[in-house]
Amino acid sequence: MFNLNNLLRENIKRLVPYSSARDEFKGEAKIFLDANENSFGSPLTKWYNRYPDPLQIKVKEKLSSIKNVPIQNIFLGNGSDECIDILIRAFCEPGRDTILLCPPTYGMYEVSANINDAVVKKVSLTPAFQLDLPAIEEAIDDHIKMIFLCSPNNPTGNSLNREDIEMILNNYFGIVVIDEAYINFSRQRSFLQELKDYPNLVVMQTLSKAWGLAALRIGMAFASEDIVHVMNKIKPPYNINQASQELALQALEEVEQVNEMIKEIVKERTSLQNALLQIPYVQKIYPTDANFLLVKMINAREIYESLLEKEIVVRDRSKVELCEDCLRITVGTPSENNILVKALIDRSIINH
Ligand SMILES: Cc1ncc(COP(=O)(O)O)c(C=O)c1O
């Protein structure tokens, strides 16, 4: 059975977290002389001379109502990348404990594991980019503290079968992280409402994709109160800066505008797909639930370079396992997509 205490690193269990000035006094007061801030102000018109709320309560309150998840089940990181790092640091004893990945998938899981000297075990996705459940079952041993599942997956774009994820949740009692960075572009249901049923589940989402706020660096981890408590213990005290908190709050008022953008992107995704399929050297476009397409082409690397010459940058994934000869193309605006398609068509005329 799942037991958080058995999974946590000993030093993290014992850790006394840093207690900031704002942790020690949370109320309103006339004069704040407790944090060695600049009491005279700042060169900016706003009060950026004060440290931000370490627990980002206002942002979490807003997210709680949008996501229908209680505030105590929300952790905010400096991008999801910080959530990944903190999870690995909380659970993986360096040099010994292991995370399980299913490549091809998002690269930061492995990089974060390497930084923290966690062992990485890999079970590749099937050729249909789905979980290989028998191989995962065989790979699991006592050192595997955490499984990272990315759905919709980057760079393949597809969602993992829900029943397969449920199979893992019902049979594996380490931490299961489901990275839903691209969930807003998908018709699949999020696992957020399943948090109540699985104390070992962590769902990650981000404001960097559908919300269009990559520059603010706000990632979300939704999990049990106990896991969120551990993550808060580890994080740097003021990991989300004041400007990001303010701007995120402002943006979170605009759910309808974001939903409109999502609809536009999904519509544009289909148009781009159709246009690319007309190009002779495009061999396949994989089904996608994300805001990008994985496109298999003849001579992908060369095409990548010829696009670069025209100052169009896509992602070359042609050396990635199971993605041989593939480029990953983010859905752009209609005019960006037209320029891309035209560049690809021009190239096919030259080559014939
Ligand atoms: C699957 C996945 N997870 C997480 C991230 C990182 O998100 P953030 O900007 O919140 O760090 C990305 C970014 O590309 C991603 O593709």
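Everything here concerns the structure above.
From a predicted model like this one, the values you see are computed outputs, not experimental measurements.

Caption draft 1: Main features of the overall build of the chain. A count of helices and strands for the chain gives 13 helices and 11 strands. A compact globule built from 352 residues should have a C-alpha radius of gyration of about 20 Å, and the chain, at 22 Å, falls within 12% of that. Projected onto its principal axes, the C-alpha positions of the chain cover 75 × 55 × 35 Å. When each of the 352 residues of the chain is scored for burial, the buried share is 50%.

Caption draft 2: Focus on the site of the ligand. Residues in contact with the ligand amount to 13 residues; listed here are only the nearest, Ser-80, Asp-179, Tyr-182, Thr-206 and Ser-208. Within the backbone of Ser-80, one N or O atom sits 2.7 Å away from an oxygen atom of the ligand. The side chain of Thr-206 places a nitrogen or oxygen atom 2.6 Å from an oxygen atom of the ligand. Protein coverage of the free-state accessible area of the ligand, which is 400 Å², stands at 91%. Looking at the shell around the ligand, its residues break down into four nonpolar, five polar and four charged.

Caption draft 3: Inspection of the packing of aromatic side chains at higher detail. Taken as a whole and judged by the stated rule, the model has six aromatic pairs. Taking the centre distance of 4.7 Å and the plane angle of 20 degrees together, the rings of Tyr-109 and Phe-148 count as stacked. Of the two residues, Tyr-109 sits in helix 6 (residues 108-115) while Phe-148 sits in strand 4 (residues 144-150), which places them 39 residues apart along the sequence. An identical accessibility class is assigned to Tyr-109 and Phe-148; each is buried.

Caption draft 4: Seen up close, helix 11 (residues 255-277). Over its 23 residues, helix 11 extends 33 Å from the first C-alpha to the last, a length consistent with the 33 Å expected when each residue adds 1.5 Å. For helix 11, the full list of buried residues reads Val-258, Ile-262, Glu-268, Arg-269, Leu-272, Gln-273 and Leu-276.

Caption draft 5: Focus on the side chain of Arg-162. With respect to the element layout, Arg-162 can be found in helix 8 (residues 162-171). Here Arg-189 takes part through its backbone oxygen, which lies 2.7 Å from a polar atom of the side chain of Arg-162. Apart from the residues lying within four places of it in its own chain, the contact partners of Arg-162 are Arg-189, Ser-190, Phe-191 and Glu-194.

Caption draft 6: Quick look at the environment of Ile-165. Mapped onto the elements of the fold, Ile-165 is located in helix 8. Given a relative accessible area of 1%, Ile-165 falls into the buried group. Residues Ile-165 and Leu-55, 110 residues apart in the sequence, show an inter-C-alpha distance of 31 Å. Those residues in contact with Ile-165 that lie beyond four places of it in its chain are Leu-131, Leu-149, Ser-151, Leu-160, Ile-178 and Phe-191.

Caption draft 7: Highlighting the pairing of strand 11 (residues 326-330). The element strand 11 is largely enclosed, with a buried count of four among its five residues. By the bridge criterion, five bridges tie strand 9 (residues 292-297) to strand 11 in an arrangement that is antiparallel. In the strand pairing of strand 11, Leu-293 is matched with Ile-329. As defined by bridge partners, strand 10 (residues 315-316) adjoins strand 11 across two bridges and the pair is classed as antiparallel. Residue Arg-315 lies in a different strand from strand 11, and its bridge partner there is Arg-328.

Caption draft 8: Representation of the side chain of Ser-64. As for its placement among the helices and strands, Ser-64 is situated in helix 4 (residues 57-67). A distance of 2.7 Å separates a polar side-chain atom of Ser-64 from the backbone oxygen of Val-69.

Caption draft 9: Focus on the packing of helix 5 (residues 80-91) against helix 9 (residues 225-234). The N-to-C vectors of helix 5 and helix 9 enclose an angle of 100 degrees; their axes lie 10 Å apart at closest approach. For the element pair helix 5 / helix 9, the angle class is roughly perpendicular. Taking contact as the criterion, the partners of Cys-83, Ile-86, Leu-87, Arg-89 and Ala-90 in helix 5 are, on helix 9, Val-230, Met-231 and Ile-234.

Caption draft 10: Looking closely at the pattern of salt bridges. Inspection of the entire model under this criterion finds 20 salt bridges. Of the charged contacts in the structure, one is a salt bridge between Asp-34 and Arg-22, with a shortest N-O distance of 2.6 Å. Pair noted here: Asp-34 is in the loop between helix 3 (21-24) and helix 4 and Arg-22 is in helix 3, with a separation of 12 residues, a long-range link. The exposure class of Asp-34 is partly exposed, given its relative accessible area of 36%. A relative accessible area of 15% places Arg-22 in the buried class. Through salt bridges with shared partners, a single network forms among Arg-162, Glu-166, Arg-189 and Glu-194.

Caption draft 11: Molecular detail of the sheet that holds strand 8 (residues 282-285). Strand order in the open sheet made by the four strands is 8-9-11-10, with antiparallel pairing throughout. Edge positions in the sheet fall to strand 8 and strand 10, since each of these pairs with one other strand and no more. In the packing of helix 11 onto the sheet, contacts are made with strand 8, strand 9 and strand 11, and the angle to strand 9 comes to roughly 10 degrees. Across the sheet, helix 12 (residues 300-309) lies against strand 9, strand 10 and strand 11, angled at about 40 degrees from strand 11, the strand it touches most.

Definitions and limits used
Residues numbered from 1 in each chain as written. Predicted model: local features only at pLDDT ≥ 70, side-chain atom pairs only at ≥ 80, totals over all residues. Heavy atoms only, no water. Helix = DSSP H or I, 4+ residues; strand = E, 2+ residues; numbered from the N terminus. Rg over C-alpha atoms; globule rule 2.2 N^0.38 Å. Buried < 20%, exposed > 50% of the residue type's maximum accessible area, 1.4 Å probe, protein only. Near = heavy atom within 4 Å. Polar contact = N/O pair within 3.5 Å; in protein donor to acceptor, adjacent residues only side chain to side chain. Areas by Shrake-Rupley, 256 points an atom, 1.4 Å probe, with all protein chains shown as cover. Nonpolar A, V, L, I, M, F, W, Y, C, P; charged D, E, K, R; others polar. Phe/Tyr/Trp six-rings, centres within 6.5 Å; stacked < 30°, edge-to-face > 60°. Expected span 1.5 Å × (residues − 1). Contact = heavy atoms within 4.5 Å. Pairing = 2+ DSSP bridges. Axes fitted to C-alpha atoms, helices over the stretch in contact; angles between N-to-C directions. Parallel < 35°, antiparallel > 145°, perpendicular 65-115°, else oblique. Salt bridge = Lys/Arg side-chain N within 4 Å of Asp/Glu carboxyl O.

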